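Listed here are the chains, written in short residue letters.
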Amino acid sequence: MLATAAAVLFFIAFLINAADISTNDVFTSTNVMLLGLTVLALHLAGVGTSWAARRRRR
């Protein structure tokens, strides 16, 4: 899920940069790209995964 969010943020950063859209200082293409890298790093660190390590013993 976080990898998909990172891909969306990278695509938004690409559109802002390619279309030369003027935005305010918060939503520049560099800031959106850095948010995407942060989300991607969280994904690679295992945050938000749905794997459960717990197993029931009988």
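The sections below set out a description of the structure shown in this document. Note that the structure is a prediction, hence the values are computed from the model and not measured.

1. Looking at the environment of Val 32
Part 1 of the reasoning: Secondary-structure assignment places Val 32 in helix α2 (residues 29-45).
Part 2 of the reasoning: On a C-alpha basis, the gap between Val 32 and Phe 11 in space is 9.3 Å, while along the polypeptide they are 21 residues apart.
Part 3 of the reasoning: Apart from residues lying up to four places away in sequence, Val 32 is in contact with Leu 9, Ile 12, Ala 13, Ile 16 and Phe 27.

2. Quick notes on the environment of Ile 16
Part 1 of the reasoning: Structurally, the position occupied by Ile 16 is in helix α1 (residues 2-18).
Part 2 of the reasoning: For the pair formed by Ile 16 and Val 32, sequence separation is 16 residues and the distance between their alpha carbons is 9.2 Å.
Part 3 of the reasoning: In contact with Ile 16, other than residues within four places in its own chain, are Ile 21, Phe 27, Ser 29 and Val 32.

3. Considering a nonpolar patch on the surface
Part 1 of the reasoning: A cluster of nonpolar side chains, Phe 11, Phe 14 and Leu 15, forms an exposed patch at the surface whose accessible area comes to about 320 Å².
Part 2 of the reasoning: In this fold, Phe 11 is placed in helix α1.

4. Some remarks on α1
Part 1 of the reasoning: With 17 residues, α1 extends 24 Å from end C-alpha to end C-alpha; this agrees with the ideal 24 Å at 1.5 Å per step.
Part 2 of the reasoning: The set of residues buried in α1 consists of Ala 6, Ala 13 and Ile 16. Taken around the axis of α1, the buried residues stretch over an arc of 85°, which confines them to a single face. Away from the buried face of α1 by more than 90 degrees, exposed residues Thr 4, Phe 11, Phe 14 and Ala 18 are located.
Part 3 of the reasoning: At its buried positions, α1 is contacted by α2.
Part 4 of the reasoning: Count one or two residues on from α1 and you reach Asp 20, which has phi positive near 55°.

5. Here's the deal with the packing of α1 against α2
Part 1 of the reasoning: At a minimum axis distance of 8 Å, the contact between α1 and α2 shows a crossing angle of 165°. One way to sum up the angle between α1 and α2 is to call them roughly antiparallel. Two packed elements cross with a definite hand, and for α1 against α2 that hand is left-handed. Contacts between α1 and α2 involve Leu 2, Ala 3, Ala 5, Ala 6, Leu 9, Phe 10, Ile 12, Ala 13, Ile 16 and Asn 17 from the former and Ser 29, Val 32, Met 33, Leu 35, Gly 36, Leu 37, Val 39, Leu 40, Leu 42 and His 43 from the latter.
Part 2 of the reasoning: Of the residues that constitute the contact of α1 with α2, the class distribution is 16 nonpolar, four polar and no charged.

Calculation criteria
Residues numbered from 1 in each chain as written. Predicted model: local features only at pLDDT ≥ 70, side-chain atom pairs only at ≥ 80, totals over all residues. Heavy atoms only, no water. Helix = DSSP H or I, 4+ residues; strand = E, 2+ residues; numbered from the N terminus. Contact = heavy atoms within 4.5 Å. Patch = residues over 30% accessible without salt bridge, like charges linked within 9 Å, V, L, I, M, F, W, Y side chains within 5 Å. Areas by Shrake-Rupley, 256 points an atom, 1.4 Å probe, with all protein chains shown as cover. Salt bridge = Lys/Arg side-chain N within 4 Å of Asp/Glu carboxyl O. Expected span 1.5 Å × (residues − 1). Buried < 20%, exposed > 50% of the residue type's maximum accessible area, 1.4 Å probe, protein only. Arc of directions from axis to C-beta. Axes fitted to C-alpha atoms, helices over the stretch in contact; angles between N-to-C directions. Parallel < 35°, antiparallel > 145°, perpendicular 65-115°, else oblique. Left-handed = near helix turned anticlockwise from the far one by under 90°. Nonpolar A, V, L, I, M, F, W, Y, C, P; charged D, E, K, R; others polar.

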